[in-house]
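The lines below spell out each chain.
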Amino acid sequence: MSTINAIQEMTSRVLDALREQNYSDYTVGRYDHCYHNLLRYAEAQGITQYSEQVGLDYLKQKYGLTVEGFFGTHPQKVRSAMRSLQVLWDYTAYGTMVVHRRPPHQPFVCPAPFAVEYDAFQAMCRARAYTPMGTTTLLNVLHRFLLFLNDQGLANASDMRAAYLTRFLESFSGCSTRYIATVISTLRNYLTFLYIEGFLPVNLSLQLPKVRVQRHALIPASWTAENVTKLLAAIDRHNPQGKRDYAILLMVVQLGLRVSDIRALTLNNLDWSRKCLSIIMTKTKRLLELPLLDDVGWALIDYLQHGRPATTAGQVFVRHRAPYDGFAHHDNLERMLQRHMHTAGITMAGQKHGLHSLRSTLARTLLETGATLPVIAGVLGHQSVQTSRHYLAIDLDGLRQCALDPDQVLIDGC
């Protein structure tokens with residue numbers, strides 16, 4: 001079999017896989033067009049094997065573009081070609097589509113002097129079952145720290161000293177106290193790990209400053225009942241995506257589910273005979289059981305029967321563009337919410353209005369109806385009643401009723 005035929009066979013496998021995953025004919029056609037030009041290029045150059053570098057060389061010949069990888073901001077036609085070439089490379093190297101979205105920036109490459117410790121730290125995060133979002137937050141800070149150490153000329157982690165920590169933290173002088181506390185917490189986690197695992201001779205985490213950030217210092221953002229009603233009424237429930245979004249928002253408004261749990265919700269979590277859902281919460285790893293209220297249940301049934309695309313994905317809620325798999329772990333569904341807020345004419349300038357604020361709205365509603373803190377903690381899946389106590393600040397009317405008159409206190413005390 002000739003080399004060109006071998007590459008052609010691989011492109012055929014990719015196109016067949018795209019069709020199996022219900023990609024549109026237009027999208028498959030774009031891939032096919034790119035591969036047709038690639039095959040002509042390979043034949044002209046006498047290419048013996050497809051690789052990532054071959055794809056990059058093709059981009060240079062086709063568009064006059066010199067890049068280091070399939071990432072970055074480029075015109076639409078270049079992005080489309082990059083996507084096609086990346087998928088072909090995934091199939092060539094791994095036999096499957098690995099990368100679902102081309103990253104906007106160059107993926108992090110750990111500096112060689114710190115690679116062993118970095119890999120070990122990632123393994124520790126996996127062993128401790130850190131959430132994807134928690135791991136991403138840790139690694140974002142850690143990436144900056146390791147690049148900083150490399151720029152300082154350190155040959156290995158054991159050469160690290162407290163002065164480097166000070167210099168690194170000085171670069172965050174313009175950031176909020178809360179974010180600086182996050183940076184210090186990440187460094188403390190990493191440095192403690194290095195010391196325990198023997199990568200550092202001393203525990204440098206003890207040299208980090210302590211930043212006190214009062215938990216729950218701010219009043220949680222919440223919605224008015226009028227705006228919640230307008231939001232739900234604005235959703236077009238006659239189309240599949242509208243059916244999905246309506247069911248998602250109802251699960252937040254009426255059940256108080258976190259976005260992470262909505263993304264992870266599977267068909268097996270729904271017990272229709274008992275009219276309840278049971279999930280292991282992504283954040284706390286604890287079991288949460290909630291009743292499937294009638295509105296929520298019927299919205300789910302409507303979506304599953306008449307809106308959900310044909311897919312092998314186990315998640316209840318999936319993307320409505322091929323491939324029809326679940327939402328990415330970093331997707332907070334903010335764009336979905338913003339779209340329906342715009343349709344409803346809802347503006348909440350200067351106030352947080354993400355999906356978590358709808359969860360806070362449920363807590364306020366429960367407080368206003370006289371629910372006790374243990375009940376609220378159970379509904380929201382809190383580990384402790386103390387966490388639920390934070391939501392007392394939302395019920396301003398209730399707090400005003402609890403306020404004491406100083407003059408009356410003095411009179412009664414006399």
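Cut-offs applied
- Residues numbered from 1 in each chain as written.
- Predicted model: local features only at pLDDT ≥ 70, side-chain atom pairs only at ≥ 80, totals over all residues.
- Heavy atoms only, no water.
- Helix = DSSP H or I, 4+ residues; strand = E, 2+ residues; numbered from the N terminus.
- Contact = heavy atoms within 4.5 Å.
- Areas by Shrake-Rupley, 256 points an atom, 1.4 Å probe, with all protein chains shown as cover.
- Expected span 1.5 Å × (residues − 1).
- Polar contact = N/O pair within 3.5 Å; in protein donor to acceptor, adjacent residues only side chain to side chain.
- Buried < 20%, exposed > 50% of the residue type's maximum accessible area, 1.4 Å probe, protein only.
- Pairing = 2+ DSSP bridges.
- Axes fitted to C-alpha atoms, helices over the stretch in contact; angles between N-to-C directions.
- Parallel < 35°, antiparallel > 145°, perpendicular 65-115°, else oblique.
- Left-handed = near helix turned anticlockwise from the far one by under 90°.
- Nonpolar A, V, L, I, M, F, W, Y, C, P; charged D, E, K, R; others polar.
- Salt bridge = Lys/Arg side-chain N within 4 Å of Asp/Glu carboxyl O.
- Phe/Tyr/Trp six-rings, centres within 6.5 Å; stacked < 30°, edge-to-face > 60°.

Focus: the overall build of the protein chain
Alright, step 1. The number of helices and strands found in the protein chain is 18 helices and three strands.
Alright, step 2. Excluding contacts between residues fewer than 6 apart, the proportion of contacts in the protein chain whose partners are at least 24 apart in sequence is 59%.
Alright, step 3. Accessible area of the protein chain: about 23100 Å², with a carbon and sulfur share of 52%.

As for helix α6 (residues 132-151)
Alright, step 1. Look at α6: 28 Å from first C-alpha to last across 20 residues, which is about the 28 Å you get at 1.5 Å a residue.
Alright, step 2. If you follow the buried residues of α6, they end up packed against α5 (115-127), α7 (162-170) and α8 (177-196).
Alright, step 3. Regarding α6, its N-cap is Thr131, as a side-chain oxygen of that residue lies 3.0 Å from the backbone nitrogen of Gly134 further along.
Alright, step 4. Residue Gly153 follows α6 closely and has a positive phi angle near 85°.

A word on the pairing of strand β2 (residues 276-280)
Along any regular strand, the residues point their side chains to alternate faces of the sheet.
Alright, step 1. For β2, the tally of buried residues reaches four of five residues, placing the bulk of the element in the interior.
Alright, step 2. Here strand β1 (residues 270-271) runs beside β2; their pairing, made up of two bridges, is antiparallel. Within the sheet, the bridge partner assigned to Asp271 lies in β2 and is Cys276.
Alright, step 3. The turn linking β1 back onto β2 is made up of four residues, and Lys275 within it adopts a positive phi angle of 55°.
Alright, step 4. As defined by bridge partners, β2 adjoins strand β3 (residues 287-291) across five bridges and the pair is classed as antiparallel.

Section: the packing of helix α10 (residues 240-253) against helix α12 (residues 294-306)
Alright, step 1. Put simply, α10 and α12 touch, their axes get as near as 9 Å, and they point 155° apart. In terms of axis orientation, α10 runs roughly antiparallel to α12. When the axes of α10 and α12 are compared, the crossing they make is left-handed. Counted together, Pro240, Lys243, Arg244, Tyr246, Ala247, Leu250 and Met251 of α10 and Asp295, Val296, Ala299, Leu300, Asp302, Tyr303 and His306 of α12 form the full contact between these two elements.
Alright, step 2. Its residues placed into classes, the contact of α10 with α12 shows nine nonpolar, one polar and four charged.

A word on the pattern of salt bridges
Alright, step 1. On inspection of all chains with the given rule, the structure shows eight salt bridges.
Alright, step 2. Across the pair Asp16 and Arg19 runs a salt bridge, and its minimum N-O distance is 3.2 Å. Here Asp16 and its partner Arg19 are both found in helix α1 (residues 3-20), three residues apart, which amounts to about one turn of the helix.
Alright, step 3. Judged by relative accessible area, which is 42%, Asp16 ranks as partly exposed.
Alright, step 4. Overall, the relative accessible area of 46% leaves Arg19 in the partly exposed class.
Alright, step 5. Its salt-bridge partner being Asp302, residue Lys243 comes within 3.1 Å of it at the nearest N-O pair. Separated by 59 residues along the polypeptide, Lys243 in helix α10 and Asp302 in helix α12 bring together distant segments of the chain.
Alright, step 6. In this structure Lys243 comes out as buried when scored by relative accessible area, which is 12%.

A few points about the packing of aromatic side chains
Alright, step 1. Within this structure, the stated rule accounts for 11 aromatic pairs.
Alright, step 2. With 5.7 Å between their ring centres and 25° between their planes, Tyr303 and Phe317 make a pair best called stacked. In this pair, Tyr303 sits in helix α12 while Phe317 sits in the loop between α12 and α13 (334-344), placing the two residues 14 residues apart along the sequence.
Alright, step 3. Here Tyr303 falls in the buried class, since its relative accessible area comes to 0%.
Alright, step 4. In this structure Phe317 comes out as buried when scored by relative accessible area, which is 0%.
Alright, step 5. Members of the aromatic cluster, joined through ring pairs, are Phe145, Phe148, Phe168, Phe172 and Tyr179.

Let's talk about the sheet that holds β2
Alright, step 1. A sheet is described by the order of its strands in space; here three strands give the open sequence β1-β2-β3, paired in antiparallel fashion. The open sheet has two free edges, formed respectively by β1 and β3, since each of these has just one partner strand.

What to know about the packing of helix α9 (residues 225-233) against α10
Alright, step 1. At their nearest, the axes of α9 and α10 sit 10 Å apart, and the two run at 160° to each other. Relative to α10, the element α9 lies roughly antiparallel. Crossing angle aside, the handedness with which α9 passes α10 is left-handed. Taken together, the residues of α10 that come into contact with α9 (itself represented by Val228, Leu231 and Leu232) are Tyr246, Leu249, Leu250 and Val253.
Alright, step 2. Considering only residue class, the contact of α9 with α10 consists of seven nonpolar, no polar and no charged.

Remember, this is a structural readout, not a statement about activity or role.
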